[in-house]
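Topology and contacts: notes
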Amino acid sequence: MFKGFYNLTSGMLTQQRHLNVVGNNMVNVSTAGFKESRYTATTFDDVMYARVGNKEKIYTDIGRQSYIRANSEIYVNHEQGIPEPTNIPLDFAIMGEGFFAIQDEEGNTTYTRAGSFSLDEEGYLCFPGRGYVMDPQGQRILLQTDKITADAQGNILNEDGGFLGQVGVYTFDDTAELEHDGNGFFTGDGAEAAENPSLLWKYVERSNVELIRQMTDMITCQRALQSCASVTKMYDEVMGHAASDVGRL
């Protein structure tokens, strides 16, 4: 009798989660190296199909009726962002696949496409507030000066042409397996240093978020959420009449 509440409530929850993803994308539209997230949902019966299967992917039919929608997965769009010139000597942008490796004081490593680096008090190349930039061998890069030049492989030279280090670029077999923290940083296993990296010096990679698309998605989600809320109110009134008026008959 009250099955419609399942559809309406799950619809509101789904649209609210979608709005959260869209909102995070819009907040980071100007964040260097940020990658757009995309929200997907599925009907609950599809989720149940997946959970009652075995390792041979043989599924048992548990019925076709579905009353609610459930969160499926949040995908990350790893398409290349537009490189933007900054004329800042410690900025780098990766062209093609790969990530910069950032290691904190505890030895934890995260990966990012954001290449807006700086020097710490000891002269090491670092990402402010996150940790040290790693070279291809997984070691910190000591520069002690920002008067440098760099080539397309990330090799850094001082004013006299002396070699100071190389910015590491790391790749993964499957970027879909990486965990995203929502701020442009990823964690995962299996990172390998790229043999032939391609970088742009004095550039950063812009976010690949398309603002117009995000605004369209936001308006669509808001209208769907409002519609679900309005229909829920109407449905509640109908059920109230059904329980009181019909019940008296």
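Everything here concerns the structure above.
1. Overview of the overall build of the chain
What the chain contains, in helices and strands, is three helices and 18 strands. Per-residue burial over the chain gives 34% buried out of 249 residues. For the chain, long-range pairs separated by at least 24 residues make up 66% of all intrachain contacts whose partners lie at least 6 apart in sequence. With the model as given, the accessible surface of the chain reaches about 14700 Å², and the carbon-plus-sulfur share is 50%.

2. Section: the packing of aromatic side chains
Summed over all chains, the structure comprises nine aromatic pairs. An angle of 85 degrees between the planes, with centres 5.0 Å apart, marks the rings of Tyr111 and Phe172 as edge-to-face. One end of the pair, Tyr111, is in strand β6 (residues 109-112); the other, Phe172, is in the loop between β13 (170-171) and β14 (179-180), and 61 residues separate them in sequence. Seen from their ring centres, Phe117 and Phe127 are 6.3 Å apart, and the 75 degrees between their planes marks the pair as edge-to-face. Here Phe117, found in the loop between β6 and β7 (118-119), pairs with Phe127, found in strand β8 (residues 125-127); they are ten residues apart in sequence, far enough to count as distant. For Phe117, a relative accessible area of 6% puts it in the buried group. Given a relative accessible area of 14%, Phe127 falls into the buried group. Taken together, Phe92, Phe100, Phe117, Phe127 and Phe185 form an aromatic cluster joined through their ring pairs. A cation over an aromatic ring shows up here: Arg140 above the ring of Tyr132, its NZ or CZ 3.8 Å from the ring centre. The lysine or arginine in question, Lys202, covers the ring of Trp201, its NZ or CZ lying 4.5 Å from the ring centre.

3. With respect to unusual backbone geometry
With a phi close to 65 degrees, Asn87 is a non-glycine residue in the positive phi region. Judged by relative accessible area, which is 60%, Asn87 ranks as exposed. Although it is not a glycine, Lys202 sits at a positive phi angle of roughly 65 degrees. Among the structural elements, Lys202 can be located in the loop between β17 (199-201) and β18 (203-205). Overall, the relative accessible area of 23% leaves Lys202 in the partly exposed class.

4. Considerations on the environment of Thr149
Its location among the elements puts Thr149 in strand β10 (residues 149-150). Thr149 has contacts with Asn155, Ile156, Leu157 and Trp201, leaving out every residue within four places of it along the chain.

5. Considerations on the side chain of Asp91
With respect to the helices, strands and loops of the structure, Asp91 is situated in the loop between β3 (83-85) and β4 (92-94). At 2.8 Å, the side chain of Asp91 forms a polar contact with the side chain of Thr86. Excluding its chain neighbours within four sequence positions, the residues that come into contact with Asp91 are Thr86, Gly115, Ser116, Phe117, Leu200, Trp201, Lys202, Tyr203 and Val204.

6. Notes on the environment of Gly131
Here Gly131 lies in strand β9 (residues 131-133). Note: C-alpha distance between Gly131 and Ala101 (30 residues apart in sequence) is 9.3 Å. Not counting chain neighbours up to four residues away, the residues in contact with Gly131 comprise Ile102, Gln103, Asp104 and Cys126.

7. Side note on the pairing of strand β12 (residues 163-166)
Sheet analysis places strand β11 (residues 155-157) next to β12, joined by three bridges and oriented antiparallel. Residue pairing across strands places Leu157 opposite Phe163, the latter belonging to β12. Counted between consecutive antiparallel strands, the loop separating β11 from β12 contains five residues, among which Gly161 sits at a positive phi close to 90 degrees.

8. Focus on the pairing of strand β5 (residues 100-103)
Alignment of β5 against β6, held across four bridges, turns out to be antiparallel. Considered in β6, the bridge of Ala101 is made with Tyr111. Adjacent in sequence and paired antiparallel, β5 and β6 are bridged by five residues, among which Gly107 carries a positive phi angle near 90 degrees. Relative to β9, β5 is paired through two bridges, and the arrangement is antiparallel. What sits directly across from Ile102, in β9, is Val133.

9. Quick notes on the side chain of Gln166
Mapped onto the secondary structure, Gln166 falls in strand β12. Of note is the side chain of Gln166, whose polar atom sits 2.9 Å from the backbone oxygen of Gln153. Leaving out residues up to four positions away in the same chain, Gln166 has contacts with Met134, Asp135, Pro136, Ile141, Gln153, Gly154, Asn155 and Pro197.

Thresholds applied
- Residues numbered from 1 in each chain as written.
- Predicted model: local features only at pLDDT ≥ 70, side-chain atom pairs only at ≥ 80, totals over all residues.
- Heavy atoms only, no water.
- Helix = DSSP H or I, 4+ residues; strand = E, 2+ residues; numbered from the N terminus.
- Buried < 20%, exposed > 50% of the residue type's maximum accessible area, 1.4 Å probe, protein only.
- Contact = heavy atoms within 4.5 Å.
- Areas by Shrake-Rupley, 256 points an atom, 1.4 Å probe, with all protein chains shown as cover.
- Phe/Tyr/Trp six-rings, centres within 6.5 Å; stacked < 30°, edge-to-face > 60°.
- Lys NZ or Arg CZ within 6 Å of the ring centre and 35° of its normal.
- Polar contact = N/O pair within 3.5 Å; in protein donor to acceptor, adjacent residues only side chain to side chain.
- Pairing = 2+ DSSP bridges.

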